[in-house]
Amino acid sequence: MRKIMSITLAAVACSASLTLAISSPAAAADHSPQCVKVRKYFNKGQQRYVRLSNLCTQRVSCYKIVIPHHKDPSGRLPKGATQDVRYGTTGIPRALYVKNVSC
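Residues numbered from 1 in each chain as written. Predicted model: local features only at pLDDT ≥ 70, side-chain atom pairs only at ≥ 80, totals over all residues. Heavy atoms only, no water.

1. A short note on the sheet that holds strand S3 (residues 61-66)
Here comes step 1: Pairing is antiparallel across the open sheet formed by three strands, whose spatial order is S4-S3-S6. With partners counted over all chains shown, the strands left at the sheet margins are strand S4 (74-77) and strand S6 (97-101), one partner each. Within this sheet the neighbouring strands show an average axis-to-axis angle of 35 degrees, counted without direction.
Here comes step 2: Where S3 and S6 come together, five bridges link them in antiparallel fashion. Looking at S6, one finds that Val 66 is bridged to Tyr 97. (Pairing = 2+ DSSP bridges. Helix = DSSP H or I, 4+ residues; strand = E, 2+ residues; numbered from the N terminus. Axes fitted to C-alpha atoms, helices over the stretch in contact; angles between N-to-C directions.)

Have a look at this one:
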């Protein structure tokens, strides 16, 4: 009984370490640089805006604006730029956050 238990524990431990070893490069490959930063959310008239800055001065960055129950608009920011991005009207919910995505 002890022998079976120790073999089972060894198999579980090897499986867990193998899973970590396999998933680490995959997670690193999906990770995009965190260049886009939200400066401010605001309304102008009947439109909703978010002011975004690209903190990376050497590359264009891509983003996705996450809005509950609506299609998430996305776009690109030039190197080192700050822009006001319109993402909808005041009739839709305010954006939850802005996600950095790979271009």
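2. Here's the deal with the nonpolar core
Here comes step 1: Listed in full, the twelve residues of the largest apolar core are Val 36, Val 50, Leu 52, Tyr 63, Ile 65, Ile 67, Leu 77, Val 85, Tyr 87, Ile 92, Ala 95 and Val 98.
Here comes step 2: Secondary-structure elements contributing two or more residues to this core are strand S2 (47-54), S3 and strand S5 (82-89).
Here comes step 3: Apart from residues lying up to four places away in sequence, Ile 67 is in contact with Asp 72, Pro 73, Tyr 87, Ile 92, Pro 93 and Ala 95. (Core = buried A, V, L, I, M, F, W, Y, C linked by side-chain atoms within 4.5 Å. Buried < 20%, exposed > 50% of the residue type's maximum accessible area, 1.4 Å probe, protein only. Contact = heavy atoms within 4.5 Å.)

3. Quick notes on the packing of aromatic side chains
Here comes step 1: This model, assessed by the stated rule, comprises one aromatic pair.
Here comes step 2: Pairing Phe 42 with Tyr 49 gives two aromatic rings, centres 5.4 Å apart and planes at 5 degrees, and the pair type is stacked. Accessibility assignment for this pair places Phe 42 and Tyr 49 in one class, buried.
Here comes step 3: Here the guanidinium or amino end of Lys 40 rests over the ring plane of Phe 42, the centre of that ring lying 5.1 Å away.
Here comes step 4: Positioned over the ring face of Tyr 41 is Arg 94, at 3.9 Å from the centre of the ring. (Phe/Tyr/Trp six-rings, centres within 6.5 Å; stacked < 30°, edge-to-face > 60°. Lys NZ or Arg CZ within 6 Å of the ring centre and 35° of its normal.)

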